[in-house]
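# Fold and contact review
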Amino acid sequence: MATTGHNNLNAKLVLLGDMGTGKSSLVMRFVKGQFLEFQESTIGAAFFSQTLAVDDATVKFEIWDTAGQERYHSLAPMYYRGAAAAIIVYDITSSESFGRAKKWVQELQKQGNPAMVMAFAGNKADLEEKRKVTAEEARVYAEENGLFFMETSAKTSVNVNDIFYEIGILRDRISGRSCWK
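Let me sum up the structure you'll find in this document. (Residues numbered from 1 in each chain as written. Predicted model: local features only at pLDDT ≥ 70, side-chain atom pairs only at ≥ 80, totals over all residues. Heavy atoms only, no water.)

### Here's the deal with the environment of Ala 84
Along the chain, Ala 84 falls in the loop between α2 (76-80) and β4 (85-91). Residue class for Ala 84 comes out buried when judged on its relative accessible area of 0%. Separated by 83 residues in the primary sequence, Ala 84 and Ile 167 place their C-alpha atoms 9.5 Å from one another. (Helix = DSSP H or I, 4+ residues; strand = E, 2+ residues; numbered from the N terminus. Buried < 20%, exposed > 50% of the residue type's maximum accessible area, 1.4 Å probe, protein only.)

### Quick word on the nonpolar core
With 29 residues, the main nonpolar core has Leu 13, Phe 61, Ile 63, Ile 87 and Phe 164 as its most contacted residues. The leading source of residues in this core is helix α1 (residues 23-32), at five residues. Formed by 24 residues, the second largest nonpolar core is a distinct cluster that contains Val 105, Met 116, Ala 142 and Leu 147. (Core = buried A, V, L, I, M, F, W, Y, C linked by side-chain atoms within 4.5 Å.)

### What to know about the packing of helix α3 (residues 95-111) against helix α4 (residues 135-144)
As a packed pair, α3 and α4 sit with axes 12 Å apart at the nearest point and diverge in direction by 10 degrees. The angle between α3 and α4 places the two elements in the roughly parallel class. Between α3, through Phe 98, Lys 102 and Val 105, and α4, the contact on the second element is made entirely by Glu 137, Ala 138 and Tyr 141. Taken together, the residues that form the contact of α3 with α4 break down as four nonpolar, no polar and two charged. (Axes fitted to C-alpha atoms, helices over the stretch in contact; angles between N-to-C directions. Parallel < 35°, antiparallel > 145°, perpendicular 65-115°, else oblique. Contact = heavy atoms within 4.5 Å. Nonpolar A, V, L, I, M, F, W, Y, C, P; charged D, E, K, R; others polar.)

### Some thoughts on α1
The buried count for α1 comes to nine of 10 residues, which makes it a mostly enclosed element. Of all the positions in α1, only Lys 23, Ser 24, Ser 25, Leu 26, Val 27, Met 28, Arg 29, Phe 30 and Val 31 are classed as buried. Trailing α1 by a residue or two, Gly 33 shows a phi angle of about 70 degrees, which is positive.

### So, α4
Burial in α4 covers these residues: Ala 138, Tyr 141 and Ala 142. Mapping the buried residues of α4 onto a view down its axis gives an arc of 100 degrees, with all of them on the same face. More than 90 degrees from the buried face of α4, the exposed residues found are Glu 143 and Glu 144. Close packing links the buried residues of α4 with β4, α3, β5 (117-123) and β6 (148-151). (Arc of directions from axis to C-beta.)

### A few points about the pairing of β4
Burial runs high along β4: seven of the seven residues are buried. Of the two faces of β4, the one carrying Ala 85, Ile 87, Val 89 and Asp 91 and the one carrying Ala 86, Ile 88 and Tyr 90 are both buried. Pairing between strand β1 (residues 8-17) and β4: five bridges, direction parallel. By the bridge assignment for β4, Val 14 is matched with Ala 86. Where β4 meets β5, seven bridges bridge the pair, whose relative direction is parallel. Bridging from a neighbouring strand, Val 89 pairs with Ala 121 of β5. In the classification by handedness, the crossover that spans β4, the intervening α3 and the parallel β5 is right-handed. (Pairing = 2+ DSSP bridges. Right-handed = clockwise from strand over helix to strand, strands pointing away.)

### Some points on the pattern of salt bridges
Counting across every chain of the model gives five salt bridges. Taking the shortest distance from any N to any O, the salt bridge between Asp 18 and Arg 100 comes out at 2.6 Å. Of this pair, Asp 18 sits in the loop between β1 and α1 while Arg 100 is found in helix α3, placing the two residues 82 residues apart along the sequence. Here Lys 124 ties to Asp 91 by a salt bridge, and the two come within 3.3 Å at their closest N and O atoms. Here the residue Lys 124 occupies a position in the loop between β5 and α4, and Asp 91 occupies one in strand β4, the gap between them amounting to 33 residues. Look at Lys 124 and you get partly exposed, because its relative accessible area is 23%. In this structure, a network of salt bridges that share partners links the residues Glu 128, Arg 131 and Glu 151. (Salt bridge = Lys/Arg side-chain N within 4 Å of Asp/Glu carboxyl O.)

Everything listed here is a matter of geometry and, on its own, says nothing about what the molecule does.
Structure, rendered in structure tokens:
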């Protein structure tokens, strides 16, 4: 979709987080409405696009789903450079993934686009009985770091479309900056 007016926007969005947090599952649920019980690990990154109507605008998300394995970490700046938005994903059943998600936030705050909309997503909300990270702990961290926070479940689709929609709404606070075309 070409930018034909100020109500049609293209936005590069990157998903970052540890391996196994459900980044690819979130994207597949959002783009295709599907959930695969056994999702293959992403190698490097995968690209998707999805258009969403947000208020009076149409936002075309150009989504980069990055690999979570440590060996691909050095490639991440190539994907988040120039991004309008990022979703940093952790698994609510893994304190380790929460800690690494915080490291992604620090990296984006230092090296990412300063106008970037950042969402902090606690995925696998359907696994409440295995929870290791409370929603309150994540919410406080997100507020302290200027992040939008939401818990999601790619499996049950809870809040999946909502998190992308909210990112589209939050664009208003930075629209007119070069990352939203």
